[in-house]
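Inside the fold
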Amino acid sequence: MTGTQRSSEGLDARRRKLLFRSWHRGMREMDLILGTFADAEIAALTGDEIDQYEMLLEIPDTEFFPMVTGERPVPPDIDCAVLQKILASRRTMTF
C-alpha cells in the first residue's frame, strides 16, 4: 500500500487536511493505521468526532503507536469515540 485509496474530492478543507495528515505521520505503521481509518471514515465523522480526531493527530507517533497497538494503556483524557473507532478498525486490518 502506498497511500490513500480515497479521493479527497467532495471533502471540505478540514477533512482533506486530516486525510493528508493521516497518511503523512512520519512512522509508516501509523500512516497505515490512521490513513486506512481516514480513508474509510473521514467523510462520515461528525463535527465533534472531527474535533476528537484532530486532537488525536496531535499526539506524537512514539506515544500514540503503543496505545493503538495495546502495548500501553490509553489515558482517560484521550479516550474518546473516535479513538475507539480507530482501535476497532485496527483489529480488523490485514497488512
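Please refer to the structure placed before this passage.
A brief structural summary. (Residues numbered from 1 in each chain as written. Predicted model: local features only at pLDDT ≥ 70, side-chain atom pairs only at ≥ 80, totals over all residues. Heavy atoms only, no water.)

1. What to know about the overall build of the protein
Where we set the bar: Secondary structure elements follow DSSP: runs of H or I no shorter than four residues count as helices, runs of E no shorter than two count as strands, and numbering proceeds from the N terminus. In this treatment the radius of gyration is a C-alpha quantity, and the globule benchmark scales as 2.2 Å times the residue count to the 0.38 power. Throughout this description, buried means an accessible area under 20% of the type-specific maximum (1.4 Å probe, protein chains only), exposed means over 50%, and partly exposed covers the range between. Whether two residues are in contact is decided by their heavy atoms: any pair within 4.5 Å suffices. Throughout, the Shrake-Rupley method with a 1.4 Å probe supplies accessible areas, and for residues the shown protein chains are the sole cover considered. Residues counted as positive are Lys and Arg, residues counted as negative are Asp and Glu, and His and the chain ends are not counted. In this description, the location of a charge corresponds to atom NZ of lysine, CZ of arginine, CG of aspartate or CD of glutamate.
Counting secondary structure elements, the protein contains five helices and zero strands. For the protein, the α and β elements follow one another from N to C terminus as α-α-α-α-α. On C-alpha atoms alone, the protein measures out to a radius of gyration of 12 Å, which is about the 12 Å that the 2.2 N^0.38 rule sets for 95 residues. Seen through its C-alpha atoms, the protein measures out along the principal axes to roughly 35 × 30 × 25 Å. Counting over 95 residues, the protein shows a buried share of 41%. Taking the contacts inside the protein whose residues are at least 6 apart along the sequence as the reference set, 59% of them involve residues at least 24 apart. Carbon and sulfur atoms make up 52% of the accessible area of the protein, which amounts to about 5400 Å² in all. Positive and negative charge centroids in the protein, built from 12 and 16 side chains respectively, lie 3 Å apart.

2. Description of the pattern of salt bridges
Put simply, the rule is: Basic side-chain nitrogens of Lys or Arg form a salt bridge, by our definition, when they fall within 4 Å of a carboxyl oxygen of Asp or Glu.
Applying the stated criterion to the full structure yields seven salt bridges. Asp31 is paired through a salt bridge with Arg28; the nearest N and O atoms lie 3.6 Å apart. With a gap of three residues between them, Asp31 and Arg28 both fall in helix α2 (residues 28-41), about one helical turn apart. Classification of Asp31 as buried rests on a relative accessible area of 8%. Judged by relative accessible area, Arg28 falls into the partly exposed class, the value being 33%. Three or more residues are tied together by salt bridges with common partners; here these are Arg14, Asp51 and Glu54.

3. A look at the environment of Thr46
Within the secondary structure, Thr46 sits in the loop between α2 and α3 (47-57). For Thr46, a relative accessible area of 42% translates into the label partly exposed. Between the C-alpha atoms of Thr46 and Ile59, which are 13 residues apart in sequence, the distance is 21 Å.

4. Overview of the packing of helix α1 (residues 13-23) against α2
Where we set the bar: Axis angles are defined between N-to-C directions and span 0 to 180 degrees, where every axis is a line fitted to C-alpha atoms and, for a helix, only to the segment in contact. An angle below 35 degrees is treated as roughly parallel, one above 145 as roughly antiparallel, one from 65 to 115 as roughly perpendicular, and anything else as oblique. Amino acids outside the nonpolar list (Ala, Val, Leu, Ile, Met, Phe, Trp, Tyr, Cys, Pro) and the charged list (Asp, Glu, Lys, Arg) are all regarded as polar, and Gly is one of them.
Running from N to C, α1 and α2 cross one another at 150 degrees; their axes reach a closest spacing of 6 Å. In terms of orientation, α1 and α2 fall into the roughly antiparallel class. Residues Leu19, Ser22 and Trp23 of α1 touch α2, and the partners they reach there are Arg28, Met30, Asp31, Leu32, Leu34, Gly35, Thr36, Ala38 and Asp39. Looking at side-chain class alone, the contact of α1 with α2 contains six nonpolar, three polar and three charged residues.

Coordinates in, geometry out; function isn't part of it.
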